[in-house]
Structures are given as C-alpha cells and as structure tokens.
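Each chain is listed here by its residues.
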Protein chains: 2
Amino acid sequence: MPRFSYISHLQCPKCKKIYAHTEKQHLCSCGAPLLVDYDIDSLRAQWHPEDLQIRGTSLWRYHELLPVQSAHHVVSLSEGMTPLNSMPKMAESMGIKHLLMKDEGSIPTGTFKARGAAVGISKALELGVKSIIMPTNGNAGAAWSLYASRAGIQATIVMPVEAPEITRKECTIAGANLYLVDGLISDAGKMVAAELKEAPDLYDASTLKEPYRIEGKKTMGLEILEQLDWQVPDVILYPCGGGVGLIGIYKALRELQRLGWIGDRLPRLVAVQAEGCAPIVKAWEEGRAESEFWPHSKTVAFGINVPKALGDFLILEALKATEGYAIAIDDETVLQEQQRVARLEGAFICPEGAATFAAARQLRDKGWIKAEETVVTLNTGNGLKYPNTVQSDAPLLKPGTKLNDNRHKTK
Amino acid sequence: MPRFSYISHLQCPKCKKIYAHTEKQHLCSCGAPLLVDYDIDSLRAQWHPEDLQIRGTSLWRYHELLPVQSAHHVVSLSEGMTPLNSMPKMAESMGIKHLLMKDEGSIPTGTFKARGAAVGISKALELGVKSIIMPTNGNAGAAWSLYASRAGIQATIVMPVEAPEITRKECTIAGANLYLVDGLISDAGKMVAAELKEAPDLYDASTLKEPYRIEGKKTMGLEILEQLDWQVPDVILYPCGGGVGLIGIYKALRELQRLGWIGDRLPRLVAVQAEGCAPIVKAWEEGRAESEFWPHSKTVAFGINVPKALGDFLILEALKATEGYAIAIDDETVLQEQQRVARLEGAFICPEGAATFAAARQLRDKGWIKAEETVVTLNTGNGLKYPNTVQSDAPLLKPGTKLNDNRHKTK
C-alpha cells in the first residue's frame, strides 16, 4: 500500500551514524547535522512523474519524498510551485540564451524560508513539539513564527537588530516571543544555545540543528526540475548564507537520480556570496573542505550575512560534486542588478536574489557559463521585504498642480 | 479552429452601445465604463473544465476568456492561481463551518492588482500603446509600473503621499515617472485627466477607464470556482474601493453560467468598506443605484479609500442580483482581525483583507451568514506592504545576555 511518506531514517553525512526519525533528533553525536533518508527502492516502483499532474500545486505534491508521515500533521498555507520565469532581456544583456528565475517572492511570508518552516513545523507537530526556539537573520524567524501559530506551537525568536524591520513585525503579529540582539546571527545562535541549556523542553529549530527544514528547501530543486519537464539545466545559482537551500537542491537532485527521474548529468551549482561575507568562497578558492568564521561580516544582502555555516562542508561537497563554483559580489553591483531586473523584467527582487544575476553575468564574462546554456537563478525573496534598497525622490505636488516637464520620458 | 481569445466586442452596460476591441477604447460616449464581451456560444462547444488540468497555473490558463488575442502579447510573471486556504480556527471563532481565504498576498507585487496589470498591460501592448498614465492608491500603480517595464512600456503614476510607502519604491525601481499628491486618489485622478488633455498620445489606464483591467481581476472568480471544483460557495466577501474585483468576480460568474460550467445559483456577494469611507454601503442602505462622493474619507485600509467609484452602479447591481450585502467596518476592528488571522492561522494579511473577516463575523452574528454555509473571504494583498499596521516592542539585548523571564510564554 502506498505510504504518505517514504522516510526511513536519519543519517549523519560525516560519521554515517543512523538515528530514528520517530523521535526528536538534532545534531549527530559527532556534531554534524543529520540528513533524512527515504526508502527510495520501494518508492521507485510506486511513484512516477505523471502522478504529479493531478496534484495540488503546494510543495506537498511531493509528500512521498517529505518527512511528515501523516497528512493530518501537514501545516500548510499552500506554499510552493513558485514561478520559474523566463528573463529574456536580462539574458540578452548577459549574452545567455536561456535565463530563468525561480521566484520565491510569490510564496507565503514572501521568502523561500516558508518552505523550511512548513515542513519543519509540520514535522515538529508530528513529533509532539509544543515550543520552538531559533536564531535568525529575520526571514526564517518570520516564517517559523507564522507557521508555528498555524500549528498552535509557541515560537521564541532571536534576531539581529539590523535584520529587515518587517520580519520583526511578522514575528510580533504571529504572537512569537521576539528578542533583538545588537550583533550578528552567530551571537543570536549563542544566546539560543544558552537558553536551551536552561530549558531543555524547548525544541531547537536552528538552521540544520533540526533535520527537516532542509527537506522543505529541497522542494525548490524538485520544482525546478518538474517545471523544466525533468530536463536538467546547466547551471543553478543560489545566494548562499547558511546554504540550506543549496544543500537541499543538491539532495533533491540525488534523490531524483535514485528514483530514475533524471539521468547522470547534474546542473553545476554555484554558491553566490557577498564580498562582505564570503567564507564559502574563500574555502572554495583554497580547496578546503570546511570554511572559517568570517570576521566583521557586512552586506546589504542581509540574508546571506552568515559568517560560519554549520553545513559548510555539505555546501562545498555539492559544489565539488557538480563541478560548480563559488563567487562573491560587492554590494554596489548587487543593487545595480536589482534595479536592472526591475527595469527590464518587471520583477522587484531581494538583494540576495540580485546577487545571483550579478554572478551569472560575471561567470558568463569569464566564459565559465556558455552562451547556449540554460541558467537558473534563485530569487530567494520579495523585494517588498527590503524597502531600504530603493530610494524614491518623487516630487510632492499639491492637488491641481500640472505634472511637470519630466513627464513621459521614454526609456 | 480554437482561438486564443474569444473576445468579440466591447459594450456599454448603461446605454448598450457597442465598440470594437481592435482599437484603443476608454469610456463610452455616455460616460460609463465599457465591458468586454466574448463569443461564448462558440466557446461553449470548444472548451471544457477538464481542458484546464494540463495547463500552467497562471491566470492565462483561462486565455479563451481573456481579451488578449495573441499569445505573443502576453506579459506575464506567472501571476495567478493563488491559494484558497481553509481557515479552520477563524471559522470556529465565528461559528462558521467552512471558511476559506483567497490569498492574493502570494502573487507578483504582493497584491491582486497584479492581475489587472498583467491583462491590462498585455492588451495595451497588443494595441500598440507606448506610454500609460494612471492615478492610484499605491498598489495598482506599483503593479502597472512593473508590468509596464516588462512590456517595454513607459508608465506615469500619480499617487497620494499617504499611500503605502513601499508602493512608491516599486514604481521607482521599475523606472516609472512617479508623482506624489498631497490629497486623495480623486485628486490624483483629476491631475491625470488634466495631463491627458495636454498629451492625448498617453494611454489612460485609470480604473475602469480602460476595459481590460477588470478582465484580469475576473480571474479571481474563475479560480475560486475552479478551486472549489465548480461548486458555488454561499458567500464571497470582498474589500470594496473602486470595486473592480467585485465587478470582475460577478462578471466571471455570469460567464461561467453562460458556459454551462455552473448552474443558476450564485454566491451572495458582499462589498466590505471602511467606516471612514463607505459610499457603497450608504447607497446600498438607501436603496440607490449609484453612490455619492464621500467627503473627508479616511481609513487604515488605504486601498479601499475611494470616495467615489466610477463603477459604483455595477457594484450595486452585482450586490442586488446576488442578494448580497454591503457593510462598513471600523479601523480598530480591522486591526484586531488582522492580528487574529496571524495568531490563529499564520497568515499576515493586509487591512483590506482583514476587513472581510470582520464583516463575515458581523454577518454571522446577525444571522445573515448561516453556520453551515461555505464562506470565502478575499485577502487582496500581503501584510508585508503595510508595516505600519503592526507595532513591535521586542527587547534589544547585548550579545551574551540571557533571555529574560518572559521566555516561552504559552498561548
């Protein structure tokens, strides 16, 4: 009989130790994050791409490959199947034939964090969790607060005071316990760890410290492939902070291979960072398997201001295995690309997403991306959450004033 | 041979005069807005609900019933098929069995205005328009600016200085000519009209002054019915400013009847206004066929601050024909419902959308909505665009501080 989920166990990607998925689990005893595995041998015989045609458009269409075992525990706001839009004028400006943007701006909470929150909170509910805690650069905290409310779970969130202000308000209106810290996400993480020692009944929902957020993020990879009719693109560029999305996309690709839905060839994965916070790029360039803490990090692309990612070794492994790349972009270039995408393609994207366009342009200039390749950029969030990235100096007129001579400029 | 669009002509709903859809048209010579008609007799034989199953999820899945005649003119960011989410805890709090929210927060630009802009701009492109102008309460201007950029059309936008600030930034990053006015949308409208006299080559994209925006909005009605598997709900509540969405939903229902996809029974349509701007409610209560200008209008739900709607007679006709209702909500109640929706259901909605929940609650209390009925509220936009509706007083801590004793409150 078909199962709702084909989850089989959790496994440490470093020391290979196995854990049961039926109990609350966090890091492996060796300190590495745990990854979910599935009974793909059974699933392969039961599940085919055609089965998806008649399913709803939320990410739960892939429920067999998600960790929640009962449909009753699914906490959903219909997140998923975000647009994969062609960007023909941006493509032309770069000299690339096929440029597509996976747009995570059109999803509940306005960022891709909704995916991790939907699956993470659903699994927490299934495991009987009543109260979660996490550090965040803003968007994840907002998404987890809102999904926690839908699930009836209490959330406690610690975020840097410089995180996008709107994310604070999302946590507040959701009824979360919110704390701001005059520091970075790494400082918030330490305060969460200290709190967990005093209140072990809290569920640690920190990035990669619970194994299920990544399963939600993985669905970006499943959707990109389904939207391309299971034709593998040449390059996927991802704005890399904690890197869960990139690790998730790579995990999705491997699972699709095991299912036989795609062949041997994988897209080259690119981790895009900010020049002001580029630990993965540094490790990549030095050929190392892990990154070092990046001191005094700073960037307008706040979501990727992560000085040391717990999953750095998984990110670097994914780049290596796919013959990918790691590249850093300066803030000024990020904001230029953000504006260019709006003016040419009509999409108001977040700075993290804009960085991936800048990266595509630079990699095309270098010749690393070829003209005829199919390239996918990942816009992780809506520009609406980053009002400070745009300055408007529109004239203020009294009623009845004639519009001035600047009117109807042509482009 | 199947046609991409079955548009046949434009017609004045007041004096019944007919116009050609192949040329630019604005108001009827009698002053009323024009509506699009389709060759539904031909379409009925060609097109069936099952045909939709294999189509993409944008609103263009209904292209036969949209006015754009060539697929080459479609300007799209994959807008449409927004979630229709169940709201079980809100339903329970009101004593309603089936409460669903159509959530237009998950669409490009974060509001339902994207629908009107996508179809309006596509048709403008098909008609050879190079430059548009419009007054706006913010969100429509933002959406039209961005879609205009995607189409390569220049936009000129006039908006009240009190419109949501983010919408200014959307216009600016899209490259629109933006003017702010120290007044209401009615003042902006007069300034646009004056400008049009001096520059008749500009295309007037004001609400209902071009006939195609409503066709985009109509798709909300088509989607709600498709998402309910063509089962007609009992009540649909809509936050009513200019009322184009409500007129559009009513138009969609009538067209679905003519197609034979739904039967005689229609949902009762409810126009929800703010107490500080309720011209439709006043006209409804007085049994009039048109509304009067509402002086000194003011409400936190800025999108419905429209003192006099050009399509008022069409709104009132739709309410009457469906045995609907018109109701006004005060701002404090709006903000309470907005918070309740976030705390209970995990959705951060706009104040206009919150007003529809308040209206449902009041109409249930009155007995006008029955316990066993299926009720659909329309959330027209994302709460992210209204940061000022939420105050956050989270404590600011130094790195290393212990989280205080307010921690992990239970709900």
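In this text the structure is predicted, and so the values were computed from the model without any measurement.

**Some points on the overall build of chain A**
Here is step 1 of the chain: Regarding its fold elements, chain A presents 12 helices and 14 strands.
Here is step 2 of the chain: A compact globule built from 411 residues should have a C-alpha radius of gyration of about 22 Å, and chain A, at 21 Å, falls within 12% of that.
Here is step 3 of the chain: Along the three orthogonal principal directions, the C-alpha set of chain A runs to about 70 × 50 × 45 Å.
Here is step 4 of the chain: When the 411 residues of chain A are sorted by exposure, 66% land in the buried category.
Here is step 5 of the chain: For chain A, the proportion of contacts with a sequence separation of at least 24, taken over those separated by at least 6, is 70%.
Here is step 6 of the chain: Counting only carbon and sulfur atoms, one obtains 49% of the accessible surface of chain A, whose full area is about 14,500 Å².

**Observations concerning the layout of surface pockets**
Here is step 1 of the chain: By volume, the largest pocket is sized at about 1,500 Å³.
Here is step 2 of the chain: Surrounding the largest pocket, 49 residues form its lining, Arg55 and Thr57 of chain A together with Arg55, Thr57 and Arg61 of chain B being those nearest its centre.
Here is step 3 of the chain: Mapped by element, the contributors of at least two residues to the lining of the largest pocket are helix 7 (213-227) of chain A together with helix 7 (213-227) of chain B.
Here is step 4 of the chain: Taken together, the residues that form the lining of the largest pocket break down as 20 nonpolar, 18 polar and 11 charged.
Here is step 5 of the chain: Here the second largest pocket defines a volume of roughly 1,200 Å³.
Here is step 6 of the chain: Glu165 and Pro387 of chain A together with Glu165, Pro387 and Asn388 of chain B are, among the 49 residues lining the second largest pocket, the residues nearest its centre.

**Some details on the interface of chain B and chain A**
Here is step 1 of the chain: Listed per partner, the contact involves 82 residues of chain B and 81 residues of chain A.
Here is step 2 of the chain: Summed over both partners, the interface of chain B with chain A buries about 7,000 Å², with 57% contributed by carbon and sulfur atoms.
Here is step 3 of the chain: Contact with chain A buries surface across chain B, with Ile173, Tyr179 and Leu384 of chain B losing the most and accounting together for 11% of the total.
Here is step 4 of the chain: Applying the counting rule to chain B against chain A returns four salt bridges.
Here is step 5 of the chain: A salt bridge links Glu198 of chain B to Lys402 of chain A, with the shortest nitrogen-to-oxygen separation between them at 2.5 Å.
Here is step 6 of the chain: At the boundary of chain B with chain A, the tally comes to 30 residue pairs in polar contact (both at pLDDT 80 or more).
Here is step 7 of the chain: Among the elements that take part in the side of chain B that touches chain A, helix 5 (residues 165-174) of chain B stands out by supplying seven residues, more than any other.
Here is step 8 of the chain: Broken down by class, the residue content of the side of chain B that touches chain A amounts to 36 nonpolar, 29 polar and 17 charged.
Here is step 9 of the chain: When strand 8 (residues 177-181) of chain A meets strand 14 (residues 396-397) of chain B, the two strands line up parallel, connected through two bridges.

**Description of the sheet that holds strand 2 (residues 18-19) of chain B**
Residues and elements named next belong to chain B.
Here is step 1 of the chain: An order of 2-1-3 is seen for the three strands of this open sheet, with the pairing classed as antiparallel. With one partner strand each, in any of the chains shown, strand 2 and strand 3 (35-38) form the two edges of the open sheet.
Here is step 2 of the chain: Pairing geometry for strand 1 (residues 7-11) and strand 2, over two bridges, is antiparallel. The partner of Leu10 across the bridge, within strand 2, is Tyr19.

**Re the sheet that holds strand 14 (residues 396-397) of chain A**
Here is step 1 of the chain: Read across the sheet, five strands follow the order 14(A)-8(B)-7(B)-6(B)-9(B) without closing on themselves; strand pairing throughout is parallel. Of all the strands in the sheet, just strand 14 of chain A together with strand 9 (203-204) of chain B have a single pairing partner and so form its edges.
Here is step 2 of the chain: Two strands pair when backbone bridges link them, and strand 6 (residues 131-135) of chain B and strand 9 of chain B are joined in this way by two bridges, in the parallel orientation. Bridged to Ile132 of chain B within strand 9 of chain B is Tyr203 of chain B.

**Comments concerning the relation of the copies chain B and chain A**
Here is step 1 of the chain: Superposing chain B onto chain A takes a rotation of 180° plus a shift of 0.0 Å along the axis, which leaves an RMSD of 0.0 Å. Both chain copies can therefore be described as sitting about a two-fold axis. For chain B, the smallest separation between a C-alpha atom and the rotation axis is recorded for Ser106 of chain B, amounting to 2.3 Å.
Here is step 2 of the chain: When you check the interface residues of chain B against chain A, 99% turn up at the interface there too, and the contact is symmetric in its surfaces.

**Regarding the pairing of strand 6 of chain B**
All names here are of chain B.
Here is step 1 of the chain: By the criterion of burial, strand 6 is predominantly enclosed, with five of the five residues buried.
Here is step 2 of the chain: Alternating residues of strand 6 divide into Ser131, Ile133 and Pro135 and Ile132 and Met134, and every residue in both groups is buried.
Here is step 3 of the chain: Pairing analysis gives five bridges linking strand 6 to strand 7 (residues 154-160), with the strands arranged parallel. Each residue of the ladder has a partner; that of Ile133, found in strand 7, is Thr156.
Here is step 4 of the chain: Taking the sense of rotation as the criterion, the β-α-β connection linking strand 6, helix 4 (residues 139-151) and strand 7 turns out right-handed.

**Focus on unusual backbone geometry**
Here is step 1 of the chain: Unusually for a residue other than glycine, Leu208 of chain A sits at a positive phi of about 70°.
Here is step 2 of the chain: Within the fold, Leu208 of chain A resides in the loop between strand 9 (203-204) and helix 7.
Here is step 3 of the chain: Even without a glycine there, the phi angle at Glu323 of chain B is positive, about 55°.
Here is step 4 of the chain: Among the structural elements, Glu323 of chain B can be located in the loop between helix 10 (312-321) and strand 12 (325-329).
Here is step 5 of the chain: For Glu323 of chain B, a relative accessible area of 63% puts it in the exposed group.

**Considering helix 7 of chain B**
Residues spaced three or four apart along an α-helix face the same direction, because each turn holds 3.6 residues.
Here is step 1 of the chain: Helix length check: helix 7 of chain B, at 15 residues, gives a terminal C-alpha distance of 22 Å against a target of 21 Å (1.5 Å per residue), a fit within 8%.
Here is step 2 of the chain: Remark: Asp229 of chain B follows helix 7 of chain B within two positions and exhibits a positive phi of approximately 55°.

**Quick notes on the UniProt feature "domain: Tryptophan synthase beta chain-like PALP" (unreviewed entry) in chain A**
Here is step 1 of the chain: Mapped onto the present numbering, the UniProt feature "domain: Tryptophan synthase beta chain-like PALP" (unreviewed entry) falls at residues 75-381 of chain A.
Here is step 2 of the chain: Annotated as residues 75-381 of chain A, this span is 45% helix and 17% strand, and its ends, taken at the C-alpha atoms, are 21 Å apart.

**Notes on the packing of helix 7 of chain B against helix 8 (residues 244-259) of chain B**
Residue and element names in this part refer to chain B.
Here is step 1 of the chain: Packing of helix 7 against helix 8 brings their axes to within 7 Å, and their N-to-C directions diverge by 60°. In terms of axis orientation, helix 7 runs oblique to helix 8. Helix-helix and strand crossings are classified by hand; for helix 7 and helix 8 the assignment is right-handed. Residues Arg213, Ile214, Glu215, Lys217, Lys218, Met220, Gly221, Leu222 and Leu225 of helix 7 form the contact with helix 8, whose participating residues are Val244, Gly245, Ile247, Gly248, Ile249, Lys251, Ala252, Leu253, Glu255 and Leu256.
Here is step 2 of the chain: Looking at the contact of helix 7 with helix 8, its residues break down into 10 nonpolar, three polar and six charged.

How each quantity is defined
Residues numbered from 1 in each chain as written. Chains lettered and ligands numbered in written order. Predicted model: local features only at pLDDT ≥ 70, side-chain atom pairs only at ≥ 80, totals over all residues. Heavy atoms only, no water. Helix = DSSP H or I, 4+ residues; strand = E, 2+ residues; numbered from the N terminus. Rg over C-alpha atoms; globule rule 2.2 N^0.38 Å. Buried < 20%, exposed > 50% of the residue type's maximum accessible area, 1.4 Å probe, protein only. Contact = heavy atoms within 4.5 Å. Areas by Shrake-Rupley, 256 points an atom, 1.4 Å probe, with all protein chains shown as cover. 1 Å grid on protein atoms, 1.4 Å probe; cavity = no way out; pocket = protein on both sides within 12 Å on 5 of 7 lines; lining within 4 Å. Points joined across faces, edges and corners; volume = space filled by probe spheres on them. Nonpolar A, V, L, I, M, F, W, Y, C, P; charged D, E, K, R; others polar. Buried area = accessible area lost by both parts, 1.4 Å probe. Salt bridge = Lys/Arg side-chain N within 4 Å of Asp/Glu carboxyl O. Polar contact = N/O pair within 3.5 Å; in protein donor to acceptor, adjacent residues only side chain to side chain. Pairing = 2+ DSSP bridges. Least-squares fit on C-alpha atoms with pLDDT ≥ 70 in both. Right-handed = clockwise from strand over helix to strand, strands pointing away. Expected span 1.5 Å × (residues − 1). UniProt positions renumbered as here; feature names shortened; annotations may be inferred. Axes fitted to C-alpha atoms, helices over the stretch in contact; angles between N-to-C directions. Parallel < 35°, antiparallel > 145°, perpendicular 65-115°, else oblique. Left-handed = near helix turned anticlockwise from the far one by under 90°.

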